[in-house]
Amino acid sequence: MRSPRPTRRRGPRRFAALLLSVAATLFPTASPATAAAPPPVPGTLQGYDIGSVFSAGVSSGGYMATQLHVAYSGTFEGSAAFASGPYDCARGQLATALNACMDTTQNLQLATLEQTTRDRSAQGQVDPVANLAGDPVYVFSGSGDTTVKRPVADALADYYGRFGARVRYDRSTAAGHAWITPLGPNSCTVTQTPFLNNCGIDAEGALLGHLFGSVTAPGSGTGGSLIRFDQNAYAPGGSAAALSMGAEGFAYVPASCAQGARCKLLVALHGCKQGYAYQGFGTRFVENAYLNEYADTNDMIVLYPQAAPTSTLENPNGCWNWWGYLGDASYARHGGKQIEAIMGMVRALRGTGTPPPTGDRTVLSSTDSEDGYVKAAADGSGAAVGALEDTYGLALGRGTDGRVNRSVVSFDTSRIPAGKEVSRAWLTVTRSSGSGDPWASPAGNRLQVDLRTGCFGGCAVEPADWSAAATVAGAARVEAFTSGSAVSTDLSAEALATLNRGGVTQFRLGFASAPTGTAYLFVNQATPVTLTVEYR
């Protein structure tokens, strides 16, 4: 979700401190109970025969479940959320998260959130919103929840209704702020660790019944395997900790799925202070969420990704990213670091033999570890890999050092659905900063896009990429822009025919003529370059 690179932007410290204060007041300590569950065994995520994918979560996990569903509605067929609000409610601001999306002292502006979703869909930043129509959505809010207040959950139900989703809204209990489960060690009305409350109802049966249409009675939850896997393998950049995610994630795989049955996949997302790495919390959510029991009898794999606390005030409680912490401006859409990590896990569980979701458009995000820029003299001599990508982004044009910069971005174009004819494709780049106008130096200069089937050299950026031969030179161009995002012209027919349907396709962006003086821009510091592909 596509991978953005680290930035230096930080949220206001006073709001982070306030969040800590709120959490300390509302989440006192208690001793949780433990349910029967198979012990975790080290392993990797293997491919299974998965026919449908859903998301579910509580609190910050509820927000993330909704973000996954909206951003990748071509993959997720429905969602369930306990104690959370509408998509991108925080709009990248911690103050809004606290005052509009937990408390109600600030208007959460539901109509604006709806329009933002529609705009992002039109721009290819989330999957088409038409996918949401008819999707089952389960929303739960307890009247005793003073952390995420009832009107916020009301807005979540309303939000989905605006897109034609089939919403079941359970607001019948006095539950506190928690995941509601028959295995919960807490009484219904409290808000305290482990935030697993027993309200005398089977909320899992209700939510799964709504998502799936019907469910079989649960089993013991011990008939499958609980796999502990390395989340670093799926983190953009290779470091889960850099994303505020734990090193370890979990997946419960029932025997039927392991033996080849057609199965469903549920991505289950814990809330703040419920992650495996949070102060020894361990697998309490994994064991007590009452999902493994239904997995055994309903051919359902349960993926339990894990967020983790930061050592700073960015995310000390190990919440999922629903307000844009650690500078991730794309946290709620394609390219969001945590979203893309989870999508990598989903793809691994679907396996290479599972056809990708059907649809007429795929938006691919560039591969962070293979993106970069190269600087050289105007004649290409003295080429070297640029070192300021993490700080400023990908460089284009002539810098203050007199060197001319070209950028290389890499895409896994094997994700374009097999058997489809590609009819159109384009790149989207986002300006980070710059100086001068390289399009006017010299007059009429062009920012052109060259395509390479496979990689220009090695797939990691290297000095020779500055002048390496392209499969299609001038496959597209990007017109002058001074802020925000810009969309390239459509790739030429020749370029469409040379997209690597079996692996990597790289693009090199550079000005056709070396600017005559200092004139440059940096792009995609906080978001990835995207490649949008339409097909029929």
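In this text the structure is predicted, and so the values were computed from the model without any measurement. Here the residue index of a chain counts from 1 through its sequence in written order. Under the rules for a predicted model, residues below a pLDDT of 70 receive no local features and side-chain atom pairs below 80 are neither given nor counted, while totals for whole chains, interfaces and linings still include all residues. With hydrogens and water excluded, all non-hydrogen atoms of the structure serve as input to the side-chain values.

Caption draft 1: Structural view of the sheet that holds strand E2 (residues 50-58). Strands qualify as paired when DSSP identifies two bridges or more between them. By the criteria applied, helices consist of DSSP H or I runs no shorter than four residues and strands consist of E runs no shorter than two, each listed in order from the N terminus. Reading across the sheet, the 9 strands line up as E1-E9-E10-E12-E11-E2-E3-E4-E5 and stay open at both edges, with mixed pairing between neighbours. The open sheet has two edge strands with one neighbour each: strand E1 (41-42) and strand E5 (166-170). In this structure, E2 lies alongside strand E11 (residues 263-269), joined through 7 bridges in parallel fashion. Along E11, the bridge assignment pairs Phe54 with Leu266.

Caption draft 2: Summary view of the sheet that holds strand E8 (residues 196-198). Across the sheet, which stays open at both edges, the 3 strands sit in the order E6-E8-E7 with parallel pairing between neighbours. Only two strands of the sheet have a single neighbouring strand rather than two, namely strand E6 (179-180) and strand E7 (186-187). Judged from the 2 bridges that link them, E6 and E8 form a sheet pairing that is parallel. In the strand pairing of E8, Trp179 is matched with Leu196.

Caption draft 3: Highlighting the confidence of the model for the protein chain. For every residue, the pLDDT score states the predictor's confidence, bounded by 0 at the bottom and 100 at the top. Summarising the model, the protein chain shows a mean pLDDT of 90, and 92% of its residues fall at 70 or more. Should any heavy atoms of two residues lie within 4.5 Å, those residues are considered in contact. Segment residues 1-34 is flagged for pLDDT under 50; beyond a separation of four residues in sequence, or across chains, it makes 97 contacts in the model. Scored below 50 in pLDDT, residues 352-359 shows 8 contacts in the model against residues more than four places distant or in partner chains.

Caption draft 4: Focus on the pattern of salt bridges. In the sections that follow, a salt bridge refers to a side-chain nitrogen of Lys or Arg positioned within 4 Å of a carboxyl oxygen of Asp or Glu. Within the structure shown, the criterion is met by 14 salt bridges. Here Asp158 makes a salt bridge to Arg162, at a shortest N to O gap of 3.3 Å. Take Asp158: its relative accessible area is 38%, and that puts it in the partly exposed class. Residue Arg162 is classed as partly exposed on the basis of its relative accessible area of 32%. One salt-bridge network, in which partners are shared between bridges, spans Glu114, Arg118, Asp158 and Arg162. Any residue under 20% of the maximum accessible area for its type is buried, any over 50% is exposed, and the rest in between are partly exposed; the area is computed with a 1.4 Å probe on protein chains only.

Caption draft 5: Representation of the pairing of E5. Pairing of strand E4 (residues 136-140) with E5, which is carried by 5 bridges, proceeds in the parallel orientation. Counterpart to Pro136 in the pairing with E5 is Arg166. Convention used here: a crossover is right-handed provided that the path from the first strand, over the helix, to the second strand proceeds clockwise when the strands point away from the viewer. One crossover worth recording links E4 to the parallel E5 by way of helix H5 (residues 150-161), and it is right-handed.

Caption draft 6: Representation of the state of the cysteines. Disulfides are defined in this document as cysteine sulfur pairs within 2.5 Å. A complete count under the given rule lists 5 disulfides for this structure. Disulfide pairing is shown between Cys188 and Cys199; the S-S distance is 2.0 Å. Because the torsion about its S-S bond is 85 degrees, the bridge between Cys188 and Cys199 counts as right-handed. Within this pair, whereas Cys188 is found in the loop between E7 and E8, its partner Cys199 is found in the loop between E8 and helix H6 (203-212), the two being separated by 11 residues in sequence. Here Cys199 falls in the buried class, since its relative accessible area comes to 17%. Disulfide pairing places Cys272 opposite Cys319 at an S-S distance of 2.0 Å. Taking the torsion about the sulfur-sulfur bond, which here is approximately 120 degrees, the covalent link between Cys272 and Cys319 counts as right-handed. Of this pair, Cys272 sits in the loop between E11 and helix H8 (284-288) while Cys319 sits in the loop between strand E12 (300-304) and helix H10 (337-350); the two residues are 47 residues apart in sequence, bridging distant segments of the chain. Classification of Cys319 as buried rests on a relative accessible area of 5%. In the protein chain, the bonded cysteines, numbered by position in the sequence, are linked as 1-2, 3-4, 5-6, 7-8, 9-10.

Caption draft 7: Structural context of the packing of aromatic side chains. Stacked, edge-to-face and tilted are the three classes for Phe, Tyr and Trp ring pairs, Trp counted by its six-membered ring, which pair at centre distances within 6.5 Å; planes under 30 degrees apart are stacked, over 60 edge-to-face, the rest tilted. Under the criterion given, the structure shown has 21 aromatic pairs. On the numbers, 5.2 Å between centres and 40 degrees between planes, the contact of Phe82 with Phe140 is tilted. Taken together, the residues Phe82 in strand E3 (residues 76-82) and Phe140 in strand E4 connect sequence positions 58 residues apart. Each member of the pair Phe82 and Phe140 is classed as buried. The rings of Phe82, Tyr138, Phe140, Trp179, Phe285 and Tyr304 are connected pair by pair, giving a single aromatic cluster. For a ring to carry a charge above it, either NZ of a lysine or CZ of an arginine must fall within 6 Å of the ring centroid while also lying within 35 degrees of the normal to the ring plane. It is Arg284 that lies over the ring of Phe281; its NZ or CZ is 5.1 Å from the centre. In this arrangement the basic side chain of Arg347 is found over the ring face of Tyr72, its NZ or CZ atom lying 5.9 Å from the centre.

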